[in-house]
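Spelled out from the first residue to the last, the chains are:
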Amino acid sequence: NNAMTATFKGKRSTSGIEHILLDIFVFALIVAGIFHWHCSQYNSRLLQLYQDNEIEVSWEKQHVHELEETVNNVSSSYDELLKQNMEISRRLSEMEKEQELADEENARLRIEVNTALANLRGTRGFKVGDVVELSNPSRHDHNKLQVLPPFKVDKRSSDGIYQVTRVTDGITFKHIEEKFIRHYAPYPPGTEAVCNIGEFGLQQERFVPCEIVTYYAKSSYGVMMLQGQYKVHVKAFQEIEEHDVEIPVWKVMGKR
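All of these numbers come straight from a predicted model, not from anything done at the bench.

Rules of the game
Residues numbered from 1 in each chain as written. Predicted model: local features only at pLDDT ≥ 70, side-chain atom pairs only at ≥ 80, totals over all residues. Heavy atoms only, no water. Helix = DSSP H or I, 4+ residues; strand = E, 2+ residues; numbered from the N terminus. Buried < 20%, exposed > 50% of the residue type's maximum accessible area, 1.4 Å probe, protein only. Contact = heavy atoms within 4.5 Å. Areas by Shrake-Rupley, 256 points an atom, 1.4 Å probe, with all protein chains shown as cover. Patch = residues over 30% accessible without salt bridge, like charges linked within 9 Å, V, L, I, M, F, W, Y side chains within 5 Å. Salt bridge = Lys/Arg side-chain N within 4 Å of Asp/Glu carboxyl O. Lys, Arg positive; Asp, Glu negative; His and termini not counted. Charge placed at Lys NZ, Arg CZ, Asp CG, Glu CD. Pairing = 2+ DSSP bridges. Axes fitted to C-alpha atoms, helices over the stretch in contact; angles between N-to-C directions. Polar contact = N/O pair within 3.5 Å; in protein donor to acceptor, adjacent residues only side chain to side chain.

Enquirer: Hey, could you go over the overall build of the protein chain for me, with residue numbers and the actual values?
Expert: Each helix and strand counted, the protein chain has one helix and 11 strands in total. Counting only residues that meet the buried cut, the protein chain has 24% of its 256 residues in that class. Considering only intrachain contacts with a sequence separation of at least 6, the fraction spanning at least 24 residues in the protein chain is 52%. For the protein chain, the computed accessible surface area is about 18,100 Å², with 57% contributed by carbon and sulfur atoms.

Enquirer: Which residues make up a negative patch on the surface, and what values do they have?
Expert: Taken together, the side chains of Glu 96, Glu 100, Asp 103 and Glu 104 define an acidic patch exposed on the protein surface. Locating Glu 100 in the fold gives a position in helix α1 (residues 2–122).

Enquirer: How would you explain the sheet that holds strand β8 (residues 207–216) if you had to name every residue and give the values?
Expert: Within a sheet, neighbouring strands are paired by backbone hydrogen bonds and run either parallel or antiparallel to one another. The antiparallel open sheet is built from six strands, whose spatial order is β2-β11-β7-β8-β9-β10. Each of the sheet's edge strands pairs with one partner strand only, and the pair in question is β2 (147–148) and β10 (243–248). As paired elements, strand β7 (residues 192–196) and β8 share five bridges and run antiparallel to each other. Pairing of Asn 196 across the sheet is with Phe 207, part of β8.

Enquirer: Summarise unusual backbone geometry; cite the residues concerned and give the values.
Expert: Positive phi values are uncommon outside glycine, yet His 175 reaches one of about 60°. Within the secondary structure layout, His 175 lies in strand β5 (residues 172–177). Assessed through its relative accessible area of 69%, His 175 is described here as exposed. One non-glycine residue, Gln 238, lies in positive phi territory at about 55°. When you line up the elements, Gln 238 lands in the loop between β9 (229–234) and β10.

Enquirer: Tell me about the sheet that holds strand β1 (residues 131–134), and name the residues and values.
Expert: Taken together, five strands build an open sheet; the order of strands is β5-β4-β3-β1-β6 and the sheet is antiparallel. At either margin of the open sheet sits one strand with a lone partner, and together these are β5 and β6 (181–183). Ignoring which end each strand starts from, the neighbouring axes of this sheet average 50° apart.

Enquirer: An account of the pairing of strand β4 (residues 161–166) is needed here, citing residue identities and associated values.
Expert: As paired elements, strand β3 (residues 151–156) and β4 share five bridges and run antiparallel to each other. By the bridge assignment, Val 153 is partnered in β4 with Val 164. From the end of β3 to the start of β4, which pair antiparallel, there are four residues, and Gly 160 there has a positive phi angle of about 80°. In the sheet, β4 pairs with β5 via four bridges, with the strands oriented antiparallel. Of the residues in β5, the one forming a bridge with Val 164 is Phe 173.

Enquirer: I'd like a rundown of the pattern of salt bridges, residues and numbers included.
Expert: Under the counting rule described, the total for this entry stands at nine salt bridges. Linking Glu 177 and Lys 179 is a salt bridge whose minimum nitrogen-to-oxygen distance equals 3.9 Å. Using a relative accessible area of 38% as the deciding quantity, one classes Glu 177 as partly exposed. Lys 179 gets classed as exposed once you look at its relative accessible area, which sits at 54%. The residue Glu 239 makes a salt bridge to Arg 206 at a minimum N-O spacing of 3.0 Å. Here Glu 239, found in the loop between β9 and β10, pairs with Arg 206, found in the loop between β7 and β8; they are 33 residues apart in sequence, far enough to count as distant. Judged by relative accessible area, Glu 239 falls into the exposed class, the value being 52%. Overall, Arg 206 belongs to the partly exposed group, its relative accessible area being 26%. Overlapping salt bridges bring together Glu 87, Arg 90 and Glu 94 as one network.

Enquirer: Explain a nonpolar patch on the surface to me, and be specific about the residues and the numbers.
Expert: Together, Leu 22, Phe 25, Val 26, Leu 29, Ile 30 and Ile 34 make up a nonpolar patch on the protein surface, roughly 550 Å² of accessible area in all. Note on placement: Ile 30 falls in helix α1. Classification of Ile 30 by relative accessible area gives partly exposed; the value is 47%.

Enquirer: So what's going on with the environment of Gly 190? Residues and values would help.
Expert: Tracing the backbone through its elements, the reader meets Gly 190 in the loop between β6 and β7. A C-alpha to C-alpha distance of 9.6 Å links Gly 190 and Cys 210, two positions 20 residues apart in sequence.

Enquirer: Describe the environment of Arg 166, listing the residues and the values that go with them.
Expert: Looking at the secondary structure, you find Arg 166 in strand β4. Through-space distance from the C-alpha of Arg 166 to that of Val 131 is 9.7 Å; in sequence the pair is 35 residues apart. Apart from the residues lying within four places of it in its own chain, the contact partners of Arg 166 are Pro 149, Pro 150, Phe 151, Ile 171 and Phe 173. A polar contact of 2.8 Å, which involves the side chain of Arg 166, links it to the side chain of Asp 169.

In structure tokens form, the structure reads like this:
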């Protein structure tokens, strides 16, 4: 009996150890499972973050690529607009030059027409209001240019004697024979002249040498011709520096 009791106790002791070991093994399995689950979750999160980062990086690359294309398109458009603007500027410059040449040609044609009309009118005498010049057809030195201011016809007698007023200063001249009078014709470009850059009236004038650049007509005959304009190049004279200016007809005395 004692032997059986000892054997039974031994078996019970062995069985208890086995249960403890089994419990430890089960606990270890549970801990391992929990650890594995956490590791799996961590790895899943890492994988998800990596994938999200890959997507974000891919989107950023796509965005940068689109921005580069946009910049290139804008740059191409700007270059094209710049070329178009340069072409427009070039064409405008050519048109301005063509217009200047056309204006000069028109001015020359107006002068030729006015001269022809003046010559025609000269064969029929002069009317009150006509703009004229005084000259001496019998002068000996025909190679020397005369400064000829414009005059306005005030009166005409039946025997061909005129009274005229010099429009540059308002001085009246009487008893002028018709042979000393000729119709005023606008001065062509390049004509040497004397210009009044001062005011109207004695001691208010300021006469300087100048050159006709172009003529802007107001009328082809009559007193309204005096309302026309000359563009002149004023030459350096005393303290006056050379410059271009537009002044009315009555302030210009050409050399013919």
